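As a plain string of letters, each chain reads:
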Amino acid sequence: MKIVADDKIPFLKGILEPYADVLYLPGSNITRDSIIDADALLTRTRTKCTEEFLSGTSLKYIGTATIGFDHIDTCYCERNNIFWKNAPGCNSSSVRQYIISALLKMAFESGFRLKDKTLGIIGVGNVGSKVEKFARLMGMKVLLNDPPRERGEGKFAFVNLADLLSESDIVTLHVPLNMVGRDATYHMLDEKRFRNMKKGTLLLNTSRGEIIETNALKNALSSGCLGGVVLDVWENEPDVDTQLLSQVNLATPHIAGYSADGKANGTSIIVNSLCEFFNLPLRDWYPPDVPLPADPVIRIDCSGMEDEDVIRKAVFHSYDISEDDRDLRANPSDFEKLRGDYKIRREFPAYSLKLISAPDYLSGMLSDMGFRII
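Each value, and the rule that gives it
Think of each chain on its own: its residues are numbered from 1, step by step along the sequence as written. Owing to the predicted nature of the model, reporting of local features is limited to residues with pLDDT of at least 70; listing and counting of side-chain atom pairs is limited to 80 or more, with chain, interface and lining totals taken over all residues. Only hydrogens and water are set aside when side-chain values are computed; all heavy atoms of the structure are taken into account. By definition, any uninterrupted DSSP run of H or I lasting at least four residues is a helix, any uninterrupted run of E lasting at least two residues is a strand, and each is numbered from the N terminus. C-alpha atoms define the radius of gyration in this analysis, and the globule rule sets the expected value at 2.2 Å times the number of residues to the power 0.38. Classification of residues uses two cut-offs on accessible area relative to the type maximum, computed with a 1.4 Å probe and protein chains only: under 20% is buried, over 50% is exposed, and between them is partly exposed. Throughout, a residue-residue contact means that at least one pair of heavy atoms, one from each residue, lies within 4.5 Å. Exposure was quantified through the Shrake-Rupley algorithm and a 1.4 Å probe, taking into account, for residues, occlusion by the shown protein chains and nothing else. The charged-residue count follows a simple rule in which Lys and Arg add positive charge and Asp and Glu add negative charge, with His and chain termini not counted at all. Charge positions are represented by NZ for Lys, CZ for Arg, CG for Asp and CD for Glu. A patch consists of residues whose relative accessible area exceeds 30% and which take part in no salt bridge; residues with like charges are grouped when within 9 Å of each other, and nonpolar side chains (Val, Leu, Ile, Met, Phe, Trp, Tyr) when within 5 Å. Salt bridges are defined as contacts in which a side-chain nitrogen from Lys or Arg sits within 4 Å of a carboxyl oxygen from Asp or Glu. We call two strands paired when DSSP finds no fewer than two bridges between them. Lines are fitted to the C-alpha atoms to define the axes, a helix being fitted only along its stretch in contact, and any angle between axes, read from their N-to-C directions, falls within 0 to 180 degrees. Whenever two N or O atoms come within 3.5 Å, that pair is a polar contact, provided that in protein one can donate a hydrogen and the other can accept it, and provided that, for residues adjacent in sequence, both atoms are side-chain atoms. For our purposes a nonpolar core is just a set of buried Ala, Val, Leu, Ile, Met, Phe, Trp, Tyr and Cys residues, chained together by side-chain atoms within 4.5 Å.

1. Concerning the overall build of the protein chain
Next, step 1: Broken down by element type, the protein chain carries 15 helices and 14 strands.
Next, step 2: A compact globule built from 374 residues would reach a C-alpha radius of gyration of about 21 Å, and the protein chain, at 21 Å, matches this within 12%.
Next, step 3: Dimensions of the protein chain, computed from C-alpha atoms along their principal axes, come out at roughly 65 × 50 × 45 Å.
Next, step 4: By residue count, 54% of the 374 residues in the protein chain fall in the buried class.
Next, step 5: Taking as baseline every contact in the protein chain between residues at least 6 positions apart, the subset at least 24 positions apart corresponds to 63%.
Next, step 6: Of the roughly 16300 Å² that the protein chain leaves accessible, carbon and sulfur atoms contribute 49%.
Next, step 7: For the protein chain, the centre of its 44 positive side-chain charges and the centre of its 52 negative side-chain charges are spaced 3 Å apart.

2. Let's talk about a nonpolar patch on the surface
Next, step 1: There is a patch of nonpolar side chains on the surface, built from M179, V180 and Y186 and spanning about 330 Å² of accessible area.
Next, step 2: Summarising the element assignment, V180 is placed in the loop between strand 8 (170–173) and helix 8 (191–196).
Next, step 3: Note on V180: relative accessible area 69%, which makes it exposed.

3. A few points about the sheet that holds strand 2 (residues 21–25)
Next, step 1: One open sheet accounts for five strands, arranged 2-1-3-4-5; its pairing is parallel. In this open sheet, the two strands that pair with only one neighbour each are strand 2 and strand 5 (83–85). When strand polarity is set aside, the average angle formed by the axes of neighbouring strands in this sheet is 15°.
Next, step 2: In this sheet, strand 5 lies alongside strand 4 (residues 61–64) in parallel orientation, the contact comprising three bridges.

4. A word on helix 9 (residues 214–222)
Next, step 1: Within helix 9, burial applies to T214, A216, L217, K218, A220 and L221.
Next, step 2: Where helix 9 is buried, its residues contact helix 8, strand 9 (201–205), strand 10 (226–231) and helix 10 (242–247).
Next, step 3: Near the N-terminus of helix 9, the side chain that reaches the backbone nitrogen of N215, with its oxygen 3.2 Å away, is that of E213.
Next, step 4: Note on helix 9: the residue one or two positions beyond its end, G224, has a positive phi of about 85°.

5. Concerning the nonpolar core
Soluble, globular proteins show a tendency: their nonpolar side chains are buried together.
Next, step 1: Judged by nonpolar contacts, the single largest core of 51 residues is most densely connected at L114, I170, I311, L366, M369 and F371.
Next, step 2: Examining the composition of this core, we find that nine residues originate from one element, helix 4 (residues 92–110), more than from any other.
Next, step 3: Filtering out sequence-adjacent residues up to four positions away, I311 remains in contact with L104, M138, L362, M365, L366 and M369.
Next, step 4: Judged by nonpolar contacts, the second largest core, of 32 residues, contains I122, L143, V229 and L231.

6. What to know about the sheet that holds strand 13 (residues 352–356)
Next, step 1: Read from one edge to the other, the open sheet built from three strands follows the order 12-13-14, with strand pairing classed as parallel. Edge positions in the sheet fall to strand 12 (297–301) and strand 14 (372–373), since each of these pairs with one other strand and no more.
Next, step 2: Relative to strand 14, strand 13 runs parallel, the two sharing two bridges. Among the inter-strand pairings, S352 is bridged to a residue of strand 14, identified as R372.
Next, step 3: Across the sheet, helix 12 (residues 307–318) is in contact with strand 12 and strand 13; its angle to strand 12 comes to roughly 160°.

7. Looking at unusual backbone geometry
Next, step 1: The step from E237 to P238 runs through a cis peptide bond, and the omega angle for that step is 15°.
Next, step 2: Looking at the secondary structure, you find P238 in the loop between strand 10 and helix 10.
Next, step 3: The residue N81 is not glycine, and still its phi comes out positive at about 60°.
Next, step 4: On the secondary structure map, N81 appears in the loop between helix 3 (74–79) and strand 5.
Next, step 5: Phi angles above zero are rare outside glycine, and D284 is one such case at about 50°.
Next, step 6: With respect to the secondary-structure elements, D284 resides in the loop between helix 11 (260–277) and strand 12.

Structure, rendered in structure tokens:
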């Protein structure tokens, strides 16, 4: 069999070669001609699997090593017997790590404590629910908006979007990109929505750039409607709006989910799915060589430190968002290169944490976040 694979899918090379001919190509260079006689395609978001791209090919399987699948025409696939598989939840803990680092950075630089703020979470799925758990751990008031979940579970735990925007000090977006339908999210935040937000709100977007209307966002920033913005995703990426880049507080090149753990999870999901689909003799595979962090032991003397300061120090040891912000601002035209050559970032469970003079409850909080307490 023949498999075409994005050459930036990590940990993949050498795994499927015993069972197939594997052609590795950059995602943006995978064309209809390259898949015309392929049985399977393994991809990421840069390969747009449209009807025009897929029609007339011999593809039977598409696997994307990502949570999102808006780059795949799933209706066409289902009509034409092409099985498709995404990797739901694969990098949710990675995005949580990114959000936690961003929240702690913004709080420190703006001089407030998270426990004094209300966090509005739009989209409470794999990522949003993890962010919710952290926020409650920190003592934040949390407002949740998720219409699909509300329809299934009832209104008790959720608020409507207008109330969330008007009452939240911080808003974070964790929704899929839906262009149409009752749960459409394209340009969910536009001029009208920004006018409804509490003045000085901090906004974070790690979902899709198209969730926010760019000109409306720039106007909200220049008018002072928003107090700060963290963007990991951009309309028209990899082409970054440089005016918007200069306005936001923290800017990164769509790498929130790019921890080594998240990448390993995504690759594992699509490899195992492909092997099951084609009945290949490889089962329950997981990358055996996920790199360890350079400095896996964190020691913190907590004497005289407030809880949030200790947590921030531990989190920044594992991931300091400022480094990715500096890299993108220095070379915004290198958006794809910064993603493709992204450093090794490990999540909290890869770190052992030695706390000196820390109360038991604080050790418990950091353990609940995933750190290994020693």
